Amino acid sequence: MKILAIETSCDETAVAILEDGRKILANLVASQEELHRRYGGIVPELASRKHMEVILPLAQEALKKANVTLKEIDAISVTNGPGLIGSLVIGVSFAKSISFAQGIPLVAVDHINAHFLAVFLEEKTPDFPFVALVVSGGHTALFLVKDYLEYFLLGQTRDDACGEAFDKVAKLLGLGYPGGRIISRLAEQGNPKLIPLPRPMLDKNNFDFSFSGLKTAVANYVNDLKRKGLPIPIHDLCAAFEEAVVEVLVTKALSALSATGCQNLVVAGGVAANKRLRAALQKLAQERDFRVFIPRPEFCTDNAAMIGVCGYHKFLRGEFADLELDVYARSQFKRLS
Ligand SMILES: Nc1ncnc2c1ncn2[C@@H]1O[C@H](COP(=O)(O)OP(=O)(O)OP(=O)(O)O)[C@@H](O)[C@H]1O
Ligand SMILES: [Mg+2]
């Protein structure tokens, strides 16, 4: 069973071809990082236009790389939300066109569902149920995942997403865009213990997060030094910020494991590529009685292979979309009742 997967929810145009929901025949990502860098963030209008320019040649390249023709494709899987509306419509319209012209079934995928299913592209896969911590540019959330397509929100951020906090802190430190990778690299040479920063929401007995206060704490610290004419210890500050984020994520994830009785933790989304977070969780998993599953970094950030995994399971369940398929900016996650 071959699936053509398309992802255009944000600033990556991505196309993948997957066999039997696991074997990657092609996985191409055209990042728009360069395009948006000079603006210090994504400009939605530019993102849509770039998707439109890139999607067709990228899909052609993917088919060529996989050595597959459209006639051999059994389903088209496409992200229809959450994300930037103008970006989503490019991928969805493109997917609909091929579906209509070639008579290939269409499957619609939720980008966040796909993020935590990316782990099924790896050799080592978790059993259900598991707890999924999704940490990305737009989301920070904990889910109880009972099956591929059956998941329940335990808690989420009340303000900024964790990746967004990385990006905003990088911006206020004048480090460039996107911030996660840059902060992480600088943090490697810093001491995380020298600058005290808050651990938001750790005192709260729930699974919600909040990162805007942490960002403000960094801004206040920087402004105070600037006022005094003192240099900013950039490496130590990046390390302290990263450590504060990691501590909050790890603590909340562990309490979600104990509250649900799950032994398996899956971490997904762009911030799951973070080395300090990965190392902290691997260490704790060895010390305590749980197993952690984190996809390789290129499957943590946006890609179409994960859209193929999710689409495959929808295909197996006969959950097809029609040509009236719409897009959505935000997901309405089901809560555990
Ligand atoms: N090594 C890293 N450390 C910390 N953050 C990182 C790292 N690599 C990437 N990120 C962050 O991950 C985010 C991008 O992740 P992703 O591509 O999953 O987000 P998105 O698709 O924009 O948002 P969403 O998935 O919520 O729609 C950015 O905010 C980026 O700064
Ligand atoms: Mg994403």
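In short, a report on the structure. (Residues numbered from 1 in each chain as written. Chains lettered and ligands numbered in written order. Predicted model: local features only at pLDDT ≥ 70, side-chain atom pairs only at ≥ 80, totals over all residues. Heavy atoms only, no water.)

**Side note on the nonpolar core**
At step 1: Ranked by internal contacts, the top residues of the largest apolar core, which has 53 residues, are Phe-241, Leu-265 and Val-267.
At step 2: When residues of this core are traced back to their parent elements, those giving at least two are strand 6 (130-135), strand 7 (140-147), helix 5 (162-172), helix 6 (179-187), helix 7 (212-227), helix 8 (234-260), strand 9 (264-268) and helix 9 (275-287).
At step 3: The leading source of residues in this core is helix 8, at 15 residues.
At step 4: When residues no more than four places from it in sequence are discounted, the contact partners of Val-267 are Leu-133, Val-135, Ala-272, Leu-277, Leu-281, Val-292, Phe-293, Ile-294 and Pro-295.
At step 5: By size, the runner-up hydrophobic cluster in this structure holds 37 residues, among which are Ala-16, Ala-75, Leu-117 and Ala-268. (Core = buried A, V, L, I, M, F, W, Y, C linked by side-chain atoms within 4.5 Å. Buried < 20%, exposed > 50% of the residue type's maximum accessible area, 1.4 Å probe, protein only. Helix = DSSP H or I, 4+ residues; strand = E, 2+ residues; numbered from the N terminus. Contact = heavy atoms within 4.5 Å.)

**Let's talk about the coordination of the magnesium ion (ligand 2)**
Put simply, a metal with four donors set out as a tetrahedron has ideal angles of 109.5 degrees, and one with six donors set out as an octahedron has ideal angles of 90 or 180 degrees.
At step 1: Of the protein atoms, only His-111 (NE2), His-115 (NE2) and Asp-302 (OD) coordinate the magnesium ion (ligand 2), at distances of 2.1 to 2.2 Å.
At step 2: The coordination sphere of the magnesium ion (ligand 2) comprises six donor atoms, whose angles at the metal cover 78 to 171°; the geometry is octahedral.
At step 3: All donor residues of the magnesium ion (ligand 2) come from one chain, and their arrangement in sequence is H-x3-H-x186-D. Here His-115 and His-111 lie together in helix 4 (residues 111-117), a separation of four residues that amounts to about one turn. (Donors = N, O, S within 2.8 Å, 3.2 Å for Na, K, Ca; no water. Tetrahedral: all angles 85-135°; square planar, octahedral: opposite > 155°, others 65-115°.)

**A short note on the pairing of strand 2 (residues 12-19)**
At step 1: Strand 2 sits mainly inside the fold: eight of its eight residues count as buried.
At step 2: Here strand 2 shows a buried face lined by Glu-12, Ala-14, Ala-16 and Leu-18 and a second buried face lined by Thr-13, Val-15, Ile-17 and Glu-19.
At step 3: Summarising the sheet, strand 1 (residues 2-7) and strand 2 pair through six bridges and their orientation is antiparallel. Looking at the pairing, Glu-7 lines up with Ala-14 of strand 2.
At step 4: Counting the residues between successive antiparallel strands, the hairpin from strand 1 to strand 2 contains four residues. (Pairing = 2+ DSSP bridges.)

**Considering unusual backbone geometry**
At step 1: A cis geometry characterises the amide bond from Gly-81 onward to Pro-82, with omega recorded as -10°.
At step 2: Structurally, Pro-82 can be placed in the loop between strand 4 (75-81) and helix 3 (85-102).
At step 3: For the bond from Phe-128 to Pro-129, the omega torsion is -5°, close enough to zero to count as cis.
At step 4: Its identity is not glycine, yet Asp-20 carries a phi of approximately 50°, on the positive side.
At step 5: Structurally, Asp-20 is set in the loop between strand 2 and strand 3 (23-31).
At step 6: Of note in this structure, Met-201 is not a glycine but carries a positive phi near 75°.
At step 7: The topology assignment puts Met-201 in the loop between helix 6 and helix 7.

**A few points about the packing of helix 2 (residues 44-66) against helix 3**
The relative placement of two packed helices comes down to the angle between their axes together with the axis-to-axis distance.
At step 1: With their axes 8 Å apart at the nearest point, helix 2 and helix 3 run at an angle of 25° to one another. Regarding the angle of helix 2 to helix 3, the classification is roughly parallel. Between helix 2 and helix 3 lies a crossing of right-handed hand. Residue-level inspection shows Ala-47, Ser-48, His-51, Met-52, Ile-55, Leu-56 and Ala-59 of helix 2 in contact with helix 3, the latter providing Gly-86, Ser-87, Ile-90 and Phe-94.
At step 2: Here the residues of the contact of helix 2 with helix 3 sort into seven nonpolar, four polar and no charged. (Axes fitted to C-alpha atoms, helices over the stretch in contact; angles between N-to-C directions. Parallel < 35°, antiparallel > 145°, perpendicular 65-115°, else oblique. Left-handed = near helix turned anticlockwise from the far one by under 90°. Nonpolar A, V, L, I, M, F, W, Y, C, P; charged D, E, K, R; others polar.)

**Regarding the sheet that holds strand 2**
At step 1: Spatially, five strands are ordered 3-2-1-4-5 in an open sheet, and the strand pairing comes out mixed. Looking at the sheet topology across the chains shown, the edges are occupied by strand 3 and strand 5 (106-110). Each strand axis lies, on average, 20° off the axis of its neighbour in the sheet, ignoring direction.
At step 2: Here helix 2 sits on the sheet and contacts strand 1, strand 2 and strand 3; the angle it forms with strand 2, its principal contact strand, is near 25°.

**Some words on helix 2**
At step 1: Given a rise of 1.5 Å per residue, 23 residues ought to cover 33 Å, and the 31 Å separating the end C-alpha atoms of helix 2 matches this to within 8%.
At step 2: The largest bend in helix 2 is about 40°, located at Val-54, with the proline Pro-57 one to four residues further on.
At step 3: Of all the residues in helix 2, the buried ones are Ala-47, Ser-48, His-51, Val-54, Ile-55, Leu-58, Ala-59, Ala-62, Leu-63 and Ala-66.
At step 4: At its buried positions, helix 2 is contacted by strand 1, strand 2, strand 3, helix 1 (33-37) and helix 3. (Expected span 1.5 Å × (residues − 1). Bend = angle between axes of the 7 residues up to and from the residue.)

**Some thoughts on the pattern of salt bridges**
At step 1: Within this structure, the stated rule accounts for 22 salt bridges.
At step 2: Arg-158 serves as the salt-bridge partner of Asp-208, at 3.1 Å between the closest nitrogen and oxygen. Highlighted residues: Asp-208 in the loop between helix 6 and helix 7 and Arg-158 in the loop between strand 8 (150-156) and helix 5, separated in sequence by 50 residues.
At step 3: On the basis of relative accessibility, which here comes to 13%, the residue Asp-208 falls in the buried class.
At step 4: You can call Arg-158 exposed: its relative accessible area is 52%. (Salt bridge = Lys/Arg side-chain N within 4 Å of Asp/Glu carboxyl O.)

**Details of the side chain of Ser-48**
At step 1: Within the secondary structure, Ser-48 is located in helix 2.
At step 2: The class of Ser-48 is buried, set by a relative accessible area of 14%.
At step 3: Apart from residues lying up to four places away in sequence, Ser-48 is in contact with Gly-86, Ser-87 and Ile-90.

**Here we look at the site of ligand 1**
At step 1: If you check the shell around ligand 1, you find 20 residues, and the closest are Ser-136, Gly-138, His-139, Asp-167 and Asp-302.
At step 2: His-111 places a side-chain nitrogen or oxygen 3.0 Å from an oxygen atom of ligand 1.
At step 3: One of the backbone N or O atoms of Gly-138 is found 2.9 Å from an oxygen atom in ligand 1.
At step 4: For ligand 1, whose accessible area on its own is 640 Å², the fraction buried by protein is 90%.
At step 5: Looking at the shell around ligand 1, the elements with two or more residues in it are helix 4, helix 5 and helix 6.
At step 6: A class-by-class count of the residues in the shell around ligand 1 yields five nonpolar, 11 polar and four charged. (Near = heavy atom within 4 Å. Polar contact = N/O pair within 3.5 Å; in protein donor to acceptor, adjacent residues only side chain to side chain. Areas by Shrake-Rupley, 256 points an atom, 1.4 Å probe, with all protein chains shown as cover.)

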